[in-house]
Amino acid sequence: MRKGNPWLSVLFWVLLSFLTLFPIYWLFVISVKPAIELFSTPSVWLSGDLYWKNYADVLNDRTLRSYMVNSLVISSGNAVLCTTLGFLACYALSRFDLPGKESVFFWTITNRMAPPAVFLLPLFLLMTQVYSIGDFKLADTRIGMILVYCTFNLPFAIWTLRPTLDGIPKELDEAAYVDGASPWNVISEVVFPLARPGLAVTLILTWVFAWNEYLLAATLTNFNARTLTTGLSEYVTTTGTNWGIMAAISVFTLIPALIVFSLVQRHIVAGLTFGAVKG
């Protein structure tokens with residue numbers, strides 16, 4: 001069989017990488033240029049003198065620092081909660097013959113199919129009127145946003161982890177039970193170690209979804225639980241748009257995601273393909 005030209009393949013991937021990475025590069029270029037250059041004719045290339053004041057303004061802004069902390073707490077808390085609950089739910093769906101479990105499995109993903117705007121009014125009323133004790137309300141709280149994101153991320157976690165749990169042979173559970181293990185021992189010492197690749201993928205994807213979310217955070221928070229992505233809108237005013245600060249904030253939103261991806265990247269391919277082939 002005649003092989004294709006390898007240089008064409010290399011050229012294709014180089015071009016695709018350039019198209020993918022150029023917006024990130026351009027974002028960084030904007031973040032290190034003063035406003036006077038941005039509103040003239042900004043150069044595509046980085047100059048020798050970089051304008052780091054935009055980053056200094058972001059780091060010195062106490063409000064933006066609180067937004068960063070809120071984003072980290074909310075996204076991390078939601079990722080851990082959704083992955084844990086999704087793992088336990090998938091274990092039940094995979095190991096027990098529950099009546100109508102396929103319907104339950106499909107019903108969970110329907111929440112993910114609907115656009116987030118559909119849930120805005122119901123969630124707002126629930127957080128401000130229903131789930132309140134005295135003066136305490138879930139609106140504009142970190143725990144409230146963690147629970148809100150479960151509406152969309154928990155079904156995704158269940159959908160992602162189901163093939164992983166189905167790919168682990170039930171015979172391992174039965175062998176552990178024969179040796180005297182309790183159900184919790186089977187989950188923690190037999191199933192959990194084998195499901196780690198899938199759990200890592202689910203954790204990182206739910207974390208990224210919560211970290212990048214804007215619509216719900218902008219609607220259901222005012223100040224206490226405001227996230228970093230919603231802070232971008234504060235620099236679009238009637239007097240103008242501070243593109244340099246917005247670009248610097250956007251770069252800061254990329255850094256945690258890149259760090260998390262770099263830590264679990266070796267699990268991503270294994271987790272996405274785990275349970276895809278059964279023999």
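Residues numbered from 1 in each chain as written. Predicted model: local features only at pLDDT ≥ 70, side-chain atom pairs only at ≥ 80, totals over all residues. Heavy atoms only, no water.

## Describing the environment of valine 44
Here valine 44 is to be found in the loop between helix 2 (35–38) and helix 3 (53–60). Residue valine 44 is classed as partly exposed on the basis of its relative accessible area of 36%. Here the alpha-carbon distance between valine 44 and tryptophan 26, two residues 18 residues apart in the chain, equals 7.3 Å. Those residues in contact with valine 44 that sit more than four places away from it in its chain are Phe22, Tyr25, Trp26 and Val29. (Helix = DSSP H or I, 4+ residues; strand = E, 2+ residues; numbered from the N terminus. Buried < 20%, exposed > 50% of the residue type's maximum accessible area, 1.4 Å probe, protein only. Contact = heavy atoms within 4.5 Å.)

## Describing the UniProt feature "transmembrane region" (unreviewed entry) in the protein
Under the local residue numbering, the UniProt record ascribes the feature "transmembrane region" (unreviewed entry) to residues 7–28, 72–93, 113–131, 143–161, 199–223 and 243–264. With 100% helix and 0% strand, residues 7–28 has its two end C-alpha atoms placed 30 Å apart. Structurally, residues 72–93 is divided into 100% helix and 0% strand, and its ends, taken at the C-alpha atoms, are 31 Å apart. (UniProt positions renumbered as here; feature names shortened; annotations may be inferred.)

## Some points on the side chain of aspartate 173
With respect to the secondary-structure elements, aspartate 173 resides in helix 8 (residues 170–178). Under the relative-accessibility criterion, aspartate 173 is labelled buried at 5%. Only 2.8 Å separates the side chain of aspartate 173 from the side chain of arginine 95, close enough to count as a polar contact. The contact partners of aspartate 173, leaving out residues within four places of it in the chain, are Tyr91, Arg95, Val186, Val190 and Val191. (Polar contact = N/O pair within 3.5 Å; in protein donor to acceptor, adjacent residues only side chain to side chain.)

## Some words on the domain arrangement of the protein
The domains assigned to the protein are domain 1 (1–51) and domain 2 (59–270). Here domain 1 and domain 2 have C-alpha centroids that lie 32 Å from each other. At the junction of the two partners, domain 1 supplies 7 residues and domain 2 supplies 8 residues. Taken together, the two surfaces of domain 1 and domain 2 that pack against each other cover about 520 Å², and 87% of this comes from carbon and sulfur. Considering only the surface of domain 1 that becomes buried against domain 2, Leu27, Ser31 and Phe39 emerge as the three largest contributors, covering 63% of it. Here domain 1 and domain 2 share 0 salt bridges between them. If you look at where domain 1 meets domain 2, you find 0 residue pairs in polar contact (both at pLDDT 80 or more). Examining the composition of the side of domain 1 that touches domain 2, we find that 5 residues originate from one element, helix 1 (residues 6–31), more than from any other. Looking at the side of domain 1 that touches domain 2, its residues break down into 6 nonpolar, 1 polar and no charged. (Domains from an automatic or database assignment. Buried area = accessible area lost by both parts, 1.4 Å probe. Salt bridge = Lys/Arg side-chain N within 4 Å of Asp/Glu carboxyl O. Nonpolar A, V, L, I, M, F, W, Y, C, P; charged D, E, K, R; others polar.)

## Some words on a nonpolar patch on the surface
A cluster of nonpolar side chains, namely Leu21, Ile24, Leu254 and Leu258, defines an oily patch on the protein surface of about 360 Å² accessible area. Contributing elements (two or more residues each) for the nonpolar patch: helix 1 and helix 13 (243–273). Counting through the fold element by element, leucine 21 comes out in helix 1. Here leucine 21 falls in the exposed class, since its relative accessible area comes to 52%. (Patch = residues over 30% accessible without salt bridge, like charges linked within 9 Å, V, L, I, M, F, W, Y side chains within 5 Å. Areas by Shrake-Rupley, 256 points an atom, 1.4 Å probe, with all protein chains shown as cover.)

## A few points about the pattern of salt bridges
Throughout the structure, instances matching the rule amount to 4 salt bridges. Here arginine 162 makes a salt bridge to aspartate 166, at a shortest N to O gap of 3.1 Å. With arginine 162 and aspartate 166 both in helix 7 (residues 142–166), this residue pair falls 4 residues apart, about one helical turn. When its relative accessible area of 27% is taken as the criterion, aspartate 166 is described as partly exposed. Measuring nitrogen to oxygen at the nearest pair gives 3.9 Å for the salt bridge that ties glutamate 234 to arginine 226.

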